[in-house]
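This is what each chain is made of:
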Amino acid sequence: MELDGGSWYASLRQEEGYGFLVMAPALSAWAATATTWLVPLLLVELLLVYVLMQASRWMKNRELKAAYVELGQMQRRLEIALTAAQKDAAIDDLTGMMNVRSFRKAVTSLLGEMGEGDRGIFIMLDGDRFKAVNDTYGHDAGDEAIKLSAQMIVGRIRTVDLASRLHGDEFAIFLSGTDDYEVAQRLVRDINDTIAREAERRGVPSISLSAGAVAAARGDGYLDLSKKADAALYRAKEGHSGGFARADA
């Protein structure tokens, strides 16, 4: 009810012939009942805030975890790509052997690590009458002859030795731990024998490999060894039939 410009709550009670009018300002009624409705409302609000905060934290953790997973996957992809790029840069496409760049680097490293009494043999090999195979059977057959030669070279050397396709039908081998030219000559002969047998078995054209060899010791350089081996190879190819020549002969 309105009284003297204010709002009042009033309750009329009648008992035993008497009437009582109980009045209270409207605001006091709100204050009196605040604990009844305000506290539960505040609790609900706090619970809602807590749930929202937990949900937000869970979402952030989930997003962070997903970001870490994605970062890890990206790093792995980059590592794979880098490994593939490094492999492509070091491997000859046709044969799967070391290419000339990686071979030169590896041989240079071995020469630098040699002790006073360590020895090695640098061998250069070149296909005999390879041009005739290309002209007669085509370049695909020539590629097969090169791949067969590469397989037989890799199959005959030890794990401590190095082998590479330099270019075309030219290959190189570095034998570690020996300066015995007889060992190198037997190796070349063995490679040529296995090439001939395997080519016949597969029914593909074969080539023989002539070779020039030079002994290597501590202090030698790759370029000097390759020049000496190449000069010996030039003499070995005079017969075009898997010849062998040594640099100091």
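Below is a summary of the structure that appears in this document. This is a predicted model, so every value here is computed, not measured.

Examining the pattern of salt bridges
Taken as a whole, this structure holds 13 salt bridges when the rule is applied. With a shortest N-O distance of 3.0 Å, Glu144 and Lys147 are connected by a salt bridge. Placement of the pair is Glu144 and Lys147 together in helix H4 (residues 139–156), with a separation of three residues, close to one helical turn. Looking at Glu144, the relative accessible area reads 37%, which means it is partly exposed. Judged by its relative accessible area of 26%, Lys147 falls in the partly exposed class. Between Glu198 and Arg202 there is a salt bridge whose closest N-O contact spans 2.9 Å.

Re the sheet that holds strand S5 (residues 162–167)
A sheet is described by the order of its strands in space; here five strands give the open sequence S5-S6-S4-S7-S8, paired in mixed fashion. The sheet is open, and its two borders are formed by S5 and strand S8 (244–246), each paired with just one other strand. Along the sheet, successive strands turn relative to each other by an average axial angle of 20°, direction set aside. Here strand S7 (residues 209–217) pairs with S8 via three bridges, running parallel. Note on S8: the bridge partner recorded for Ala211 is Phe244. Against the sheet, helix H2 (residues 100–113) makes contact with strand S4 (119–127), S5, strand S6 (170–176) and S7, and its axis sits at roughly 140° relative to S5, the strand it touches most. Of the strands in this sheet, S4, S5, S6, S7 and S8 are in contact with helix H6 (residues 222–236), which crosses S7 at around 145°.

About the criteria used
- Residues numbered from 1 in each chain as written.
- Predicted model: local features only at pLDDT ≥ 70, side-chain atom pairs only at ≥ 80, totals over all residues.
- Heavy atoms only, no water.
- Salt bridge = Lys/Arg side-chain N within 4 Å of Asp/Glu carboxyl O.
- Helix = DSSP H or I, 4+ residues; strand = E, 2+ residues; numbered from the N terminus.
- Buried < 20%, exposed > 50% of the residue type's maximum accessible area, 1.4 Å probe, protein only.
- Pairing = 2+ DSSP bridges.
- Axes fitted to C-alpha atoms, helices over the stretch in contact; angles between N-to-C directions.
- Contact = heavy atoms within 4.5 Å.

Just distances and angles here, no functional claims.
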